[in-house]
Amino acid sequence: MPTTVDDVLEHGGEFHFFQKQMFFLLALLSATFAPIYVGIVFLGFTPDHRCRSPGVAELSLRCGWSPAEELNYTVPGPGPAGEASPRQCRRYEVDWNQSTFDCVDPLASLDTNRSRLPQGPCRDGWVYETPGSSIVTEFNLVCANSWMLDLFQSSVNVGFFIGSMSIGYIADRFGRKLCLLTTVLINAAAGVLMAISPTYTWMLIFRLIQGLVSKAGWLIGYILITEFVGRRYRRTVGIFYQVAYTVGLLVLAGVAYALPHWRWLQFTVALPNFFFLLYYWCIPESPRWLISQNKNAEAMRIIKHIAKKNGKSLPASLQRLRLEEETGKKLNPSFLDLVRTPQIRKHTMILMYNWFTSSVLYQGLIMHMGLAGDNIYLDFFYSALVEFPAAFMIILTIDRIGRRYPWAASNMVAGAACLASVSIPGDLQWLKIIISCLGRMGITMAYEIVCLVNAELYPTFIRNLGIHICSSMCDIGGIITPFLVYRLTNIWLELPLMVFGVLGLVAGGLVLLLPETKGKALPETIEEAENMQRLFIHSPVFSIHQMLMFLPLQT
C-alpha cells in the first residue's frame, strides 16, 4: 500500500538527530536574514549634523570655542514651527574667513538681530557628530537628499516583493536545495559588493539584488525544515526558525556596536553567507519535493539516510511513496476565487490588511527607535529580547485559547502601546522603553500568528495562492514604511506612532470578525471555507469555555 513521507517518518524519526542537525544549520541561515531586514537602523543611522561653513573651524580654533559655543555662534537656531530641521539644513550666508569677526558673538557686527541675516542651503557639505560612519554620513543623505535613505530601504522591500512572489514557482520547478544554494551565493556576493560600492547608485543596486534573493532564501530554509520533520513538529520548528531570526537581531546589535563604520559592518554581516555554500554537502534535497517530481527512488534513499542518522530502521513494507494529497481533478485557481464568495472575500481583505499592518508596525517601530532612542544599540537589543517571550506566548496560547483572541489582543496591545508612548513625557524614558517593548512584543506575535492563520482560512486549491497574494501586502507595507517614518518625523517626531497606533487597533478589531480555526480541519472546498464562520457563530459557549479553562485540548 502506498505511504506518505509522514508515515515513513513515524518509523524513521520525526524530530531526532538528523532533524535537529538540519534545524541548527538552517537556523543559522535564518539569523543572517536580520541584518538585511532591519539593518537600516545601523547602516542608515542619521547623527546630529549641521552645515559645513568654510572658515568656521579656523575661527573656532583661534577663539578657543567649545563645541557648544561654536554651534551657538555660527549655526542658525530653530526656525518656525513645522520647519524641518533648520539648524541642520541651513547656514548663514557669511564669509567666515574675514579677520574682523569678534570672538564674542561674532555676528553682532553684521546685525544685532540674527533672524535678519541671510541664510542659504548647505553648499559645502555637512559636519556630522559621530565617531563612526553610515551611508547617511558618507553619501550626505540628509536635508534635500533625505528621501534617498527612504529609497534605500524601500529598494530591499521591492526585492522582497518580487523574490517572494516568484520563489514558490522556482523552488517547485528546480528543487529546494539548488534554489537555496543559488540565493545564498547571490546574496553573499551582493552583500560584499555593497560594502565596497563607490557610489550611492551602485549601493542601491546591490541592496535591491540582496532583497531579491535574501527573503527567498529565508523562505526556502523555512520550507526545507518543515518538510524534513514529521507532521506533529512542523508548527513548533516553524516558530523556532523565526526565533533564530531574533537571535540574529541580538548579534547584529553587538556587531554594530563593535563596528560603528557602515562598510565594515556590512562586510562583516555579508561574509558569513559564503559559509552556507558548504550546505551542498550537508543538506539533502527535500524527499517531499523529489516525490512530487516522481523521483521516488532518490526520495527513498534520502529517507533511509534520515532513518540511519536517527538510529532507526524502516519496516520492509514501506516501499512505495506518494504525495500527502492524491492528485484528483485539477483546479486552476485565480485571484477571483479569493473575492468571489462573501466569507472568503472578507477573509482576504482582513488578512491583506493584517499582513500590511504587521509589516508597517514591525519595521516602523524599529526605524522610529533608531531616530528617537538615546542609545541606539541598547534600545535595539532590549526591543529584540521581547521577541523571545512573544514566540513562547504563541506556543502556549494558540492550542489552548485559540488563534483569534491572542491575535486580536496582540494587535491591540501594539496599537495601544504606540498611542500611549506618545503621551509619555521625555523625563520618563524608562517607562517609554517598557511601553515600546510591549508594542514590539505585540506586533511580533501578530506577525507570526498571521503566518499560521492565513493557511487555515483557505480551501486547498487556492491555499498557496491566498498565502502569496495576502503576504505580498507585507512587502508593500515595507516599501511604504521608510517614507512614512522618515517623512512624518520631520513634521513631528511622534506622528508615526499615532499612525501606527490607529493601524494596530483597527487590525485587532478586524481580526475579531474572522472565525476561530483551532481544532478545525483545513477546509478542502469553497463551501467548507464559507461555512467556517457559521460553525463558529453557532458554538460560542464552547469557545469561551476553552478559553477560560486554559487547558490543553486535543486538536
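Residues numbered from 1 in each chain as written. Predicted model: local features only at pLDDT ≥ 70, side-chain atom pairs only at ≥ 80, totals over all residues. Heavy atoms only, no water.

## Section: the pattern of salt bridges
Line of reasoning, step 1. All chains considered together, the criterion is met by 15 salt bridges.
Line of reasoning, step 2. Taking the shortest distance from any N to any O, the salt bridge between Arg91 and Asp124 comes out at 2.7 Å. Taken together, the residues span a long stretch of sequence, with Arg91 in strand β2 (residues 90-92) and Asp124 in the loop between β3 (119-121) and β4 (126-128) at a distance of 33 residues.
Line of reasoning, step 3. By relative accessible area, Asp124 is classed as partly exposed at 36%.
Line of reasoning, step 4. One salt bridge connects Asp150 with Arg487, and the closest N-O pair in it is separated by 2.7 Å. Here Arg487 lies in helix α21 (residues 463-491) and Asp150 lies in helix α9 (residues 147-174), a separation of 337 residues in the sequence.
Line of reasoning, step 5. Here the salt bridges do not stand alone but share partners, grouping Arg235, Asp399, Arg403 and Glu456 into one network. (Salt bridge = Lys/Arg side-chain N within 4 Å of Asp/Glu carboxyl O. Helix = DSSP H or I, 4+ residues; strand = E, 2+ residues; numbered from the N terminus. Buried < 20%, exposed > 50% of the residue type's maximum accessible area, 1.4 Å probe, protein only.)

## Considerations on the packing of helix α17 (residues 376-385) against helix α20 (residues 429-456)
Line of reasoning, step 1. At a minimum axis distance of 8 Å, the contact between α17 and α20 shows a crossing angle of 45°. As far as their axial angle goes, α20 and α17 are oblique. Handedness of the crossing formed by α17 with α20: right-handed. Here Asp379, Tyr382, Ser383 and Ala384 of α17 come into contact with α20, specifically with Ile433, Cys437 and Arg440.
Line of reasoning, step 2. Across the contact of α17 with α20, the residue classes tally to four nonpolar, one polar and two charged. (Axes fitted to C-alpha atoms, helices over the stretch in contact; angles between N-to-C directions. Parallel < 35°, antiparallel > 145°, perpendicular 65-115°, else oblique. Left-handed = near helix turned anticlockwise from the far one by under 90°. Contact = heavy atoms within 4.5 Å. Nonpolar A, V, L, I, M, F, W, Y, C, P; charged D, E, K, R; others polar.)

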